[in-house]
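Summary of the model geometry
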Amino acid sequence: MKNVFLFLCLFCITSSINSQKIVKAPEPFGPLPTQKQLDWQEMEFYAFVHFSLNTFTNKEWGYGDESPALFNPTNLDVRQWARIVKAAGMKGIILVAKHHDGFCLWPSAYTERSVKNSPWKNGKGDLVKELAAACKEYDLKLGLYLSPWDRNHAEYGKPEYITYFRNQLKELLTNYGDVFEMWFDGANGGDGYYGGANETRKINTLEYYNWDETYKLIYSIAPKTLVWGIGPSEARWIGNEEGRAGKTNWSLLRQKDELAGKVHYTEFMSGHENGEKWVPGEADVSIRPGWFYHATEDDKVRPLDEMVDIYYESIGRNATLLLNLPVDRRGLVHENDEARLKELVSTIKADFKTELLVGSKISADNVRVNSTEFAAKNVADGNKKTYWATDDTIKTASITFEFDKPTAVDRILLQEDIALGQRVKSFNVEVKVDGKWKTVATETTIGYKRILRIERVEASAIRINITDSKASIVISTIQAYNAPTFVRMPEISRDRNGDVTLKSEEGNPIYYTVDGTNPTEKSTLYKGVFRYNKAVQIKAISFNDTEKIRSAVRTVKYGASKENWKISKVSSGDLKSADRIIDGNPNTEWAFGSEENKLPQEITIDMGTVLTINGFTYLPQQVGHNLNLISNYEFYTSTDNVTWKLQSQGEFSNIKHNPIEQVKTFKKTKARYIRFVATSGVAKTSTVSIAEINVIETP
């Protein structure tokens, strides 16, 4: 009996040891995030604030010669910023402490070009300090943007400037508490004031700043600060300023190649499957067309439809979302921006109101050593530290959710446990309808978070099939929702003759007004193309008759139609096809300039009658990879095509990365003829293009 007892004890001990070996957690795979990067990714949504001298000069990029005396907000309230950001569910604010013009929002000891020489608070203010206090009050994290490029500093381009730049970094990282993110813009070198030199200075962005030493300095002072942007950064630009990540989005990057100049910025949208470093994407976008406040954009706040798409194509595609709020000249977030932000938050909250999988029957065709520690049910337990995992050799597997009764579903959310690496390369989603399985989505990466919008279905079951993975599968969360029907706004277009076309999705009826009032179902029903060749503001909604839901209001402003406009002269290019720039179609373009006909090149337009105008707009080419963008311009007006007056000249700042319609205003004047001169192109291209030229009419 004693021997039997000893044998049983030995068996139990051996089994226990083997069991512990068998249920070993998956080994981390590939490049991994640091704890700092994990904490940053979990923030998901935070604000950018552009507010500086540019706000008062109506520029996107200052030249560096603007007087600090122009900075004089009348009602600055950083607590208003923080309140709005907090109410939107954002987790922090990144403030542009110094933009390319060199003006500092804190009283830097190293320059006179700061708030200490502005009339705001009689030169005694410190905007960074005030915002740091507001962030602390509202439990928000503070981030800072410090432009490496300084178009004002006399020593820019020389070693002395690097000392200046690092001294300012020390000030920002030691005087204002924790900084969750330090933001370094990629725009570096070019023309500027440079202490009065008024010249162009080019630098090697990767070498001039000696980023390795700069990063060491940052980490020695502020080890908790994540650094974004140029150099060996911990997070990357997403490759556009539209807030959109790629459908495939790896948090990995071939950073060695990037630092050697071998990676094109368009690759940032998707990252690199074979990247050797964890460098997740941050999608930045402004709630308006521009980054700084311009009164002409008060009615151009991004539509709700676009904002919702941005959310799903950034946070829903394994990126964080950095949304810019351009504070106005009062020193406040404009009420139009706040209203749109509230609409966005309301829509997203409604979309994710009720999770549907928590009560379902969950099973998987493989569970790591059949252990409950890695069971399929873990994906729906609300605990981000638990996960469903497969055996080491299993790189394809399925997990199924069965409902008690058919359930309406139109959103699927998935998350990997990225602390163990990003693994999934492809997956699909199936739903069971009337006893048959149907594929509703076929996708690639998951990463920290992937959200799918699918057609609403009444499903008795949902199945997620991981069809390819770099290593064993580790999924922490899977959720499903039935978001309310979202009715998209109608599209509005008008050609040069004044013919107006309205379009809606799925044939929803459209109601519109032309008197500035908001439309309802009692407004004019759109029945087909109609002509309206006068200046007009058209407002329209789409209406879902089945569910009695209306879209947000689409608003478009037009001046008098261009039916009497004609191109009277071009300095190069094809005169016959030049009409494309006044045809009212943003998807057509016309090019001029060449190696033989170098810039500057010009085009003259006869508007057919004398108009009172106070500005013009240039819409760059919108279709294609090489957009042939104009970077600098001159704009002239005439009443008789003989005597011309220069009304505006300068640069289209940041157009390379944000090729939106450029708006330039000037003092009211009468004109029948306009002349647009392209003086230089982006990247010194010899050929440039135009999609549309318009004027801004005024009473």
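Everything in this summary refers to the structure shown in the same document.

How each quantity is defined
- Chains are numbered independently. Their residues run from 1 in the order of the written sequence.
- Per-residue local features are limited, in this predicted model, to residues with pLDDT of at least 70; the limit for side-chain atom pairs, both in listing and counting, is 80 or more; totals at the level of whole chains, interfaces and linings are taken over all residues.
- Only hydrogens and water are removed before side-chain values are computed, so all heavy atoms of the structure are retained for them.
- Every helix listed is a DSSP run of H or I at least four residues long, and every strand listed is a run of E at least two residues long, numbered separately from the N terminus.
- For the radius of gyration, the atoms used are the C-alpha atoms, and the globule rule reads 2.2 Å times the number of residues raised to 0.38.
- Note on exposure labels: buried denotes an accessible area under 20% of the residue type's maximum, exposed denotes more than 50%, and partly exposed covers the range between, all computed with a 1.4 Å probe on protein chains only.
- Under the pairing criterion, centres of Phe, Tyr and Trp rings, with the six-membered ring standing for Trp, must be within 6.5 Å; the plane angle then separates stacked pairs below 30 degrees from edge-to-face pairs above 60, leaving the rest tilted.
- In this analysis the charged atom, NZ for Lys or CZ for Arg, is taken to sit over a ring once it is within 6 Å of the ring centre and within 35 degrees of the ring normal.
- Salt bridges are defined as contacts in which a side-chain nitrogen from Lys or Arg sits within 4 Å of a carboxyl oxygen from Asp or Glu.
- In this description, contact between two residues means that some pair of their heavy atoms is separated by no more than 4.5 Å.
- Identification of polar contacts relies on pairs of N or O atoms within 3.5 Å, with a donor-acceptor requirement for protein atoms, meaning one able to donate a hydrogen and the other able to accept it, and with residues adjacent in sequence counted only if both atoms are side-chain atoms.
- Think of it this way: DSSP has to see at least two bridges between two strands before they count as a pair.

Within the protein, the regular secondary structure consists of 11 helices and 35 strands. For a compact globule of 699 residues, the expected C-alpha radius of gyration is about 27 Å, and the protein comes in at 29 Å, within 12% of that figure. Each principal axis of the C-alpha atoms in the protein carries an extent, and together these give about 120 × 65 × 50 Å. Sorting the 699 residues of the protein into buried and exposed places 56% on the buried side.

Aromatic ring pairs: the centre-centre distance and the angle between the two ring planes describe each pair. Applying the stated rule across the entire model yields 43 aromatic pairs. Aromatic side chains tyrosine 312 and phenylalanine 352 sit 6.0 Å apart centroid to centroid with 35 degrees between the ring planes, which places their arrangement in the tilted category. Linking tyrosine 312 in helix 10 (residues 304-312) with phenylalanine 352 in the loop between helix 11 (335-351) and strand 13 (361-364), this pair joins segments that are 40 residues apart in sequence. An aromatic cluster of three or more residues is present, and its members are Tyr156, Tyr161, Tyr164, Phe165, Phe184, Tyr194, Tyr208, Tyr209, Trp211, Tyr215 and Tyr219. Lying over the aromatic face of tryptophan 250, lysine 470 brings its terminal NZ or CZ to 4.4 Å of the ring centre. Over the ring of tryptophan 565 we find lysine 562; its NZ or CZ atom is 5.2 Å from the centre of that ring.

Within the structure shown, the criterion is met by 51 salt bridges. Measuring nitrogen to oxygen at the nearest pair gives 2.9 Å for the salt bridge that ties glutamate 651 to arginine 151. Here arginine 151 lies in the loop between strand 3 (141-146) and helix 6 (159-174) and glutamate 651 lies in strand 32 (residues 645-651), a separation of 500 residues in the sequence. A single burial state applies to glutamate 651 and to arginine 151, both of which are buried.

Time to look at unusual backbone geometry. Residue leucine 599 is joined to proline 600 through a cis peptide bond whose omega torsion reads 10 degrees. In this structure, proline 600 sits in the loop between strand 29 (590-592) and strand 30 (601-619). Despite not being glycine, lysine 121 has its phi angle at roughly 55 degrees, a positive value. Mapped onto the secondary structure, lysine 121 falls in the loop between strand 2 (92-98) and helix 5 (127-137). Positive phi outside glycine occurs at glutamate 506, with the angle close to 55 degrees. By the secondary structure assignment, glutamate 506 is in the loop between strand 21 (499-503) and strand 22 (510-513).

Another point: the environment of arginine 201. Take arginine 201: it is sitting in strand 6 (residues 199-201). Through-space distance from the C-alpha of arginine 201 to that of lysine 158 is 10.0 Å; in sequence the pair is 43 residues apart. Residue contacts for arginine 201: discarding those within four places in its chain leaves His153, Ala154, Glu155, Tyr156, Gly189, Gly190 and Tyr194. Within the local environment of arginine 201, its side chain forms a polar contact with the backbone oxygen of alanine 154, the two atoms lying 2.8 Å apart. Looking at arginine 201, its side chain comes within polar contact range of the main-chain oxygen of tyrosine 156, at 2.8 Å.

This next bit is on the sheet that holds strand 20 (residues 491-494). Pairing in this open sheet of 3 strands is antiparallel, and the strands run 20-21-24 from one edge to the other. For this open sheet the edge positions go to strand 20 and strand 24 (530-531), each flanked by a neighbour on one side alone. Of the strand pairs in this sheet, strand 20 and strand 21 are connected by 4 bridges, and their pairing is antiparallel. From the neighbouring strand, arginine 494 faces strand 21, where its bridge partner is valine 500.

Shape descriptors only; they carry no functional weight alone.
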